Every structure is written in C-alpha cells, then in structure tokens.
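Listed here are the chains, written in short residue letters.
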Amino acid sequence: MNVMIPPHESLGFLLHDATRAIRRRFEARAHELGLSSSQWRCLVHLMREGPSPQARLAELMEVEPISVSRLLDRMQEGGWITRESHPADRRVRIVTATAKTCAAFAEAKNIADAIYADALAGLPPGTRESLIATLRRIIDNLSPNPES
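Quick caveat, the model's predicted, so the values are computed rather than measured.

Caption draft 1: Structural detail: the overall build of the protein chain. Tallying secondary structure elements over the protein chain gives six helices and three strands in all. Taken from N to C terminus, the helices and strands of the protein chain fall in the order α-α-β-α-α-β-β-α-α. By the burial criterion, 24% of the 148 residues in the protein chain qualify as buried. If you take every contact in the protein chain between residues at least 6 apart in sequence, the share linking residues at least 24 apart comes to 49%. The averaged location of the 18 negative side-chain charges in the protein chain is 2 Å from the averaged location of its 19 positive side-chain charges.

Caption draft 2: Expanded view of the environment of F105. Counting through the fold element by element, F105 comes out in helix α5 (residues 99-120). C-alpha of F105 to C-alpha of V44: the two residues are 61 residues apart in sequence and 8.4 Å apart in space.

Caption draft 3: Seen up close, the side chain of H45. You can see H45 is positioned in helix α2 (residues 37-49). If we ignore the near neighbours within four places in the chain, the residues touching H45 are G50, L57, L60 and M61.

Caption draft 4: Region of the structure containing the packing of helix α3 (residues 54-61) against helix α4 (residues 65-77). It is the contact of α3 with α4, at a shortest axis distance of 9 Å, that shows an interaxial angle of 110 degrees. By the criterion of interaxial angle, the relationship of α3 to α4 is roughly perpendicular. Between α3 and α4, the contacting residues are Q54, L57, A58 and M61 on the first element and P65, V68, S69, L71 and L72 on the second. Its residues assigned to classes, the contact of α3 with α4 shows seven nonpolar, two polar and no charged.

Caption draft 5: Seen up close, unusual backbone geometry. A positive phi is found at E62, a non-glycine position, where the angle reads about 55 degrees. Note on placement: E62 falls in the loop between α3 and α4.

Caption draft 6: Broad picture of the pairing of strand β3 (residues 93-97). Judged from the two bridges that link them, strand β1 (residues 52-53) and β3 form a sheet pairing that is antiparallel. Looking across to β3, one finds that P53 is bridged to I94. By the bridge criterion, five bridges tie strand β2 (residues 81-85) to β3 in an arrangement that is antiparallel. Each bridged residue has a counterpart across the sheet, and for I81 the counterpart in β3 is A97.

Caption draft 7: α5, seen in detail. With 22 residues, α5 should cover 32 Å at 1.5 Å per step; its first-to-last C-alpha distance of 32 Å lies within 8% of that length. Residue F105 marks the point of greatest curvature in α5, where the axis turns by about 40 degrees. Inspection of α5 places T101, A104, F105, A108, I111, A112 and I115 among the buried residues, and these make up the whole buried set. Summarising the contacts, the buried residues of α5 are in contact with α1 (11-30), α2 and β3. Positive phi appears at G122, one or two residues downstream of α5, with a value of about 85 degrees.

Caption draft 8: Structural detail: the nonpolar core. Counting residues in each nonpolar core, the largest one holds 24 residues, and the members touching the most others are L72, M75 and I81. Those elements that provide at least two residues to this core are α1, α2, α3, α4 and α5. The biggest single contributor to this core is α5, with six residues. Setting aside residues no more than four positions away along its own chain, M75 makes contact with Q39, C42, L43, W80 and I81.

Caption draft 9: Structural view of the state of the cysteines. Applying the stated criterion across every chain yields a total of zero disulfides. Between C42, a free cysteine, and C102, which holds the nearest cysteine sulfur, the sulfur-to-sulfur gap is 13 Å. The class of C42 is buried, set by a relative accessible area of 0%.

What counts, and where the lines are drawn
Residues numbered from 1 in each chain as written. Predicted model: local features only at pLDDT ≥ 70, side-chain atom pairs only at ≥ 80, totals over all residues. Heavy atoms only, no water. Helix = DSSP H or I, 4+ residues; strand = E, 2+ residues; numbered from the N terminus. Buried < 20%, exposed > 50% of the residue type's maximum accessible area, 1.4 Å probe, protein only. Contact = heavy atoms within 4.5 Å. Lys, Arg positive; Asp, Glu negative; His and termini not counted. Charge placed at Lys NZ, Arg CZ, Asp CG, Glu CD. Axes fitted to C-alpha atoms, helices over the stretch in contact; angles between N-to-C directions. Parallel < 35°, antiparallel > 145°, perpendicular 65-115°, else oblique. Nonpolar A, V, L, I, M, F, W, Y, C, P; charged D, E, K, R; others polar. Pairing = 2+ DSSP bridges. Expected span 1.5 Å × (residues − 1). Bend = angle between axes of the 7 residues up to and from the residue. Core = buried A, V, L, I, M, F, W, Y, C linked by side-chain atoms within 4.5 Å. Disulfide = S-S within 2.5 Å.

Structure representation (structure tokens):
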C-alpha cells in the first residue's frame, strides 16, 4: 500500500530545509570572520585539494564557472584567496589560499563542527552514525556510475 506523504515531509524537502537551516546558522556564526557558507565550501575544497584551477573548484562545488568566478572575486577582495595564471596556459587561473585562510580555517571548522553538534543534539546513541551512513548511501545511489 502506498502511503501519501505530504510534500513538506518528503525526503527532498526535509534535506533541503535541514541544509538551509545549517547554512543560516553557519552564516550567523561565521559573520564575524567575514565568511559566507558558499565561501566556506570553496575554502574547504581549496584546503583539501591545494592550489586549484577555477574550473576544478566550480566542478567540485557543482556550480557554473561564472558563479565560482564571481564568488572568487569577492573572496579575493576579502583577502581569502589569490589567483594567478597557470604557467603553461594563461587562460587557466590557479586559486590559492592565503595566510588569512590558513589562520581562520580552524576557527571556521570549529564553528561548523559546533553547528553539526547542535543539529544532532538529542539523537539516541548510534543514530548519528546511521544517519551519516544513510546519507552516504543516498549519495552513492544517485551518483553517476563510473562503469556506465
């Protein structure tokens, strides 16, 4: 028997609403650092990958290159990143984290970790691990199959 779930209780709406709540909380707490949640996502990828072409950051963030370019413009103005031409291809811009990013990264990560702890507060033991495993399974289920 198919049970009709109200749209606002569907998986998609709940995931979207949870993500939006986390993003709002992060932006409120990270405001003093001068970081938006989009900038934070970009910095996480940049710190993980190291100096990267703008196109690679757009790919990792799953946004259009023009969108990442505008985001990087603001980040460069804020002193978070530098951009230089690739030595072998001047059309490619390499993005590098600045000392400001390295200094603030731990503080921003602490803010994010505290928000995640708030989000998961009151869950029974084992539920966090189960939730993360379930979300990973959803991502795997919906990710392109490399063999196809």
